[in-house]
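Topology and contacts: notes
For reference, the chains in residue letters:
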Amino acid sequence: MLVQRSEPVSLPETTGSFQVGRRTYEWTDTPRRDPYSNGPRRLAVWLWYPVAKDTTGRRVQYAPGEWSGLHLKAPTSLFQGPFDTFQDRALDRVAVAPGRFPVVVLLPGMGLSAPMYAALAEDLASHGYLVAGVTPTYSANLTVLGGQTVESKPEANPPNLGESTEGAKQVGDHLVGVWAADARFAAGMVAKELPNSVDSTIGPSYVGHSFGGAASLEACRLDARCAAAVDLDGIQFGDVVTKGVKAPILLLGADDSCITSVCGPDAKNDHDRDRALSLLKASTGTAWCATVPGTRHFNFTDYGAYYLAYPLRRFLPLGSVHPRHALTVTNGYVNTFLSHAIYKTAASGAPACKS
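Reading guide: rules and limits
Residues numbered from 1 in each chain as written. Predicted model: local features only at pLDDT ≥ 70, side-chain atom pairs only at ≥ 80, totals over all residues. Heavy atoms only, no water. Axes fitted to C-alpha atoms, helices over the stretch in contact; angles between N-to-C directions. Helix = DSSP H or I, 4+ residues; strand = E, 2+ residues; numbered from the N terminus. Parallel < 35°, antiparallel > 145°, perpendicular 65-115°, else oblique. Left-handed = near helix turned anticlockwise from the far one by under 90°. Contact = heavy atoms within 4.5 Å. Nonpolar A, V, L, I, M, F, W, Y, C, P; charged D, E, K, R; others polar. pLDDT = per-residue confidence, 0-100. Pairing = 2+ DSSP bridges. Disulfide = S-S within 2.5 Å. Core = buried A, V, L, I, M, F, W, Y, C linked by side-chain atoms within 4.5 Å. Buried < 20%, exposed > 50% of the residue type's maximum accessible area, 1.4 Å probe, protein only.

The interhelical angle for the contact between helix α3 (residues 166-193) and helix α4 (residues 211-222), taken along N-to-C directions, is 65 degrees, at an axis separation of 8 Å. As judged from the angle between their axes, α3 and α4 are roughly perpendicular. As for how α3 packs across α4, the hand of that crossing is right-handed. Contact with α3, carried on its side by G172, L175, V176, W179, A180, A183 and R184, involves F211, G212, A214, A215, E218, A219 and L222 of α4 and no other residues of that element. Broken down by class, the residue content of the contact of α3 with α4 amounts to 10 nonpolar, 2 polar and 2 charged.

Summing up the model confidence of the protein chain, the mean pLDDT is 93 and the portion of residues at 70 or higher is 97%. This model gives residues 1-6 a pLDDT under 50, and the stretch forms 13 contacts once residues within four places in sequence are excluded.

Turning next to the packing of helix α2 (residues 118-126) against helix α8 (residues 323-343). Close contact between α2 and α8 brings their axes to 10 Å; oriented N to C, the two are set at 40 degrees. Judged by the inter-axis angle, α2 sits oblique to α8. With respect to the hand of their crossing, α2 and α8 are arranged in right-handed fashion. For the pair α2 and α8, the contacting residues are A119, L120, D123 and L124 in the first and L327, N331, V334, N335 and L338 in the second.

In this section: the sheet that holds strand β2 (residues 19-33). Strand order in the open sheet formed by 9 strands is β5-β2-β3-β7-β6-β10-β11-β12-β13, with mixed pairing between adjacent strands. Each end of this open sheet is capped by a strand with a single partner; those strands are β5 (91-92) and β13 (287-291). Sheet topology note: the strand β12 (residues 249-253)/β13 ladder contains 5 bridges and is parallel. Its bridge partner lying in β13, L250 is registered against W288. In the packing of α2 onto the sheet, contacts are made with β2, β3 (40-51), β6 (103-107), β7 (130-135), β10 (205-209) and β11 (228-232), and the angle to β3 comes to roughly 50 degrees. Here helix α6 (residues 273-282) sits on the sheet in contact with β12 and β13, set at roughly 160 degrees to β12.

Here we take up the state of the cysteines. When the sulfur atoms of two cysteines share a covalent bond, that bond is a disulfide. In total, this model carries 3 disulfides according to the counting rule given. Between the sulfur atoms of C258 and its disulfide mate C263 the distance is 2.1 Å. With the S-S bond torsion at 110 degrees, the cross-link from C258 to C263 turns out right-handed. Two residues, C289 and C353, share a disulfide whose sulfurs are 1.9 Å apart.

Grouped together as the largest cluster of nonpolar side chains are 115 residues, with contacts concentrated most on Y62, L130, V131, I249 and L338. The biggest single contributor to this core is α3, with 11 residues. Excluding residues that lie within four positions of it along the chain, V131 makes contacts with W46, L47, W48, V104, L106, A121, L124 and A125.

Rendered as structure tokens:
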């Protein structure tokens, strides 16, 4: 096992026509008070973007500096490959490719951080999107601001979100509004940071995993310019459940999930199905729903690309499908959906939802 851990492992190859660059930012939403601290809301945002094919430069580190704390802690860390040998193909702070591109805001699952979705972010960027990965401060187990690690707080990372209780619903409904505001702020900041690279004729799209998927739907509901929203295996929360979304949406679930309104073959209960049915009934845009066979909750994250020894792989919520294949399927769904929603391309055999 130790020999295997020392061998280089890489993110999956991107499938678009562009190379990919990456920059990191710290942005402050000055008018908005952070509900979990005594100051304005501060966010760490990673930006992945398209780069011309002939561009050369230094490759980024997957988790530089204090972000290396995203690695699992001892003794569990013995079963995970090190980040310093994990190869990332993105180029560090090189020029954005000529042209104008749509903005996609990417939100992680509860407790996770945006860098842990680089496989999806880089594939989207290779297809011509400016992808802003937001790490919601105090909800993520780790973010980095001002060179210092910031850990989660119980009120921003509640342990009961997965419960089918009214209390859990109320907590989730409040918190999803905070995350949706983070997402909308980030979308606006990309346009300010890269005014010559953003296609201002197209509104932002919101993509998220788990609780980030719920927040993506809510952000899209609140943003009149929203072009599309994607929920990757996330139980829905907030007003969007009853008010719906006007823009096209994609609900992509795991085998043990009911978030698409149709429970997967391994689902143990169906209490999430009613929320999805309500969302779909209230929404007026095109809705796609699909389940990725053989997947569990973490198959939508970079855990599908890490080296994980067998004991750890069994412990984590990863399904029977080959993890890298699950990432390929997910990326394919998201890219095809966004292309259809934004550019009105043909999508034969699109998985329409049943509501």
